[in-house]
Amino acid sequence: MVLVTSPMLGYWTDIYGRKTFLLAGIFLTCPIAFSLMIVENNPDITPLVYFFSYTLQGLIFTLPVLLSALSDSVPIQHRAPAFGILLAVLMATVSSMSVASAFLSDRTCCFLSVLFNAVGFVFAVFCVPETLTEATRLTSRLKADEKAQLPGSVPRLLQPFVDLKILNRNSLFRYLAILVIFSSMVAEGSQVLMLYYLQDNFDFKSTDSAEFMVSIGLMNMLAQGLLLKPLNDRIGERRVLIFAMSVGVLHCFFYGFAKNKMLIFVGGALVSFTFFSFPTISAIKANNADENEQGIVQGAIYSCKSFASAIGPFTFRFAAENLQVDWMPNKGASMWLVAAVLYAISVVFCYLMPEELANSKVALAKKKNLEEEGLAGMADKLLNVT
């Protein structure tokens, strides 16, 4: 559902602002935990109630809205670290709840989920401001009206899907779309199959799985919270992506050739650096889009990510079950070979990205030079006139 709704959500948030849709998205997540608590306390109720509630969150998925709001508020040179911190906090929260579920009863976990959802909604109502200025919203509305009046234009309801062509705006955007698809295929595919792989080959128990998830969450939090910004400032967004995808190749080989749990945990530590890729990709696209296009950009990115999330598990399951690689020691390890190939191809696309568009520091320096040249030109004209 996110594949369809993300472009529409991005389009409408650019016109009407972020906060209303953010509140609606948080509100739609509340029935998930509440319905799970009902099913847990009443075994006679069909689990379809929970699955239906879970589907509702796809109508208004909040992450693209949050990233758009950050784009509205954060300077371009800080967007990648800001996006990284947001996603790291989310990952750490998921990991923490995984640990809590190993020590708390199901009913207690359901109650805490309902409580956290309610607190989050109240906090968003009273503490989260609207980040999109009225001037930018007006510009978006005027552009939408102009498009609607053009000969041969599509109905307003379908315009968000036409705006997906932003993914094909230039070579940079095309490369970034490919990177989103490849990296998300690996991330989502491995996330679905990872626990089965660990149980089949390394006899992971529930406590082992909880410790593994916590270690990844903590490393992710440390990497994106403490390392992404200085690394981004030092080498720029393009090289951050090259680094993240290169580490992705390495961590796939650790998973594929591991012979004990220790090497799996080392691979899990390395995987935290691959999470640099998505916030950096989102930041590069946001930096190369107008203020009134931030919602469209994030919606298009999450549409690609949702598509990759759908085909990733299927691709990796097919590789694990049908590709026989005799020189890899573990059952199903061929899926990590496929993942390594996808990461290696991604490194090539990262290298091909133009430096002046991909790196915010280069873009800012170029803009400053142009402004200085413009001011110098104006000064020369004034001197000539006098």
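Residues numbered from 1 in each chain as written. Predicted model: local features only at pLDDT ≥ 70, side-chain atom pairs only at ≥ 80, totals over all residues. Heavy atoms only, no water.

(A) Region of interest: the packing of aromatic side chains. Evaluated as defined, the whole model comprises 17 aromatic pairs. Measuring from centroid to centroid gives 6.2 Å for Tyr-197 and Phe-202, while their planes differ by 65°, and the two rings are edge-to-face. Across this residue pair, the class does not change: Tyr-197 and Phe-202 are buried. Where Tyr-197 meets Trp-336, the ring centres are 5.8 Å apart and the plane angle is 75°; that geometry is what we call edge-to-face. With Tyr-197 in helix α9 (residues 171–202) and Trp-336 in helix α14 (residues 334–352), this residue pair connects regions lying 139 residues apart in the sequence. Overall, the relative accessible area of 4% leaves Tyr-197 in the buried class. Owing to a relative accessible area of 1%, Trp-336 belongs among the buried residues under this scheme. One aromatic cluster in this structure is built from Tyr-197, Phe-202, Phe-204, Phe-212, Tyr-255, Phe-265 and Trp-336. (Phe/Tyr/Trp six-rings, centres within 6.5 Å; stacked < 30°, edge-to-face > 60°. Buried < 20%, exposed > 50% of the residue type's maximum accessible area, 1.4 Å probe, protein only. Helix = DSSP H or I, 4+ residues; strand = E, 2+ residues; numbered from the N terminus.)

(B) Spotlight on the pattern of salt bridges. In the structure shown here, the tally under the stated rule is 13 salt bridges. A salt bridge links Glu-188 to Lys-305; the shortest N-O distance between them is 4.0 Å. Of this pair, Glu-188 sits in helix α9 while Lys-305 sits in helix α13 (residues 294–322), and the two are 117 residues apart along the sequence. With a relative accessible area of 18%, Lys-305 lands in the buried category. For the salt bridge of Asp-203 with Lys-205, the shortest nitrogen-to-oxygen distance reads 3.1 Å. (Salt bridge = Lys/Arg side-chain N within 4 Å of Asp/Glu carboxyl O.)

(C) Focus on α9. Taking 1.5 Å per residue as the helical rise, α9 with its 32 residues ought to reach 46 Å, and the 43 Å between its terminal C-alpha atoms agrees with that figure. By the N-cap criterion, in which a side-chain oxygen at the helix start approaches the backbone nitrogen of a residue two or three places on, α9 is capped by Asn-170, the distance to Leu-172 being 3.1 Å. At the exit of α9 stands Asp-203, carrying a positive phi of roughly 55°. (Expected span 1.5 Å × (residues − 1). Polar contact = N/O pair within 3.5 Å; in protein donor to acceptor, adjacent residues only side chain to side chain.)

(D) Highlighting unusual backbone geometry. Of note in the backbone geometry, Asp-203 takes a positive phi value of approximately 55° without being a glycine. Its place among the elements puts Asp-203 in the loop between α9 and α10 (206–257).

(E) Structural context of the packing of α9 against α10. Between α9 and α10, whose axes approach to 10 Å, the crossing angle comes to 165°. Comparing their axes, α10 and α9 come out roughly antiparallel. Considering the relative orientation of α9 and α10, their crossing is right-handed. Residues Leu-176, Leu-179, Ser-183, Met-194, Leu-195, Tyr-197 and Leu-198 of α9 pack against Ser-209, Phe-212, Leu-241, Met-245, Tyr-255 and Gly-256 of α10. A per-class count over the contact of α9 with α10 returns ten nonpolar, three polar and no charged. (Axes fitted to C-alpha atoms, helices over the stretch in contact; angles between N-to-C directions. Parallel < 35°, antiparallel > 145°, perpendicular 65-115°, else oblique. Left-handed = near helix turned anticlockwise from the far one by under 90°. Contact = heavy atoms within 4.5 Å. Nonpolar A, V, L, I, M, F, W, Y, C, P; charged D, E, K, R; others polar.)

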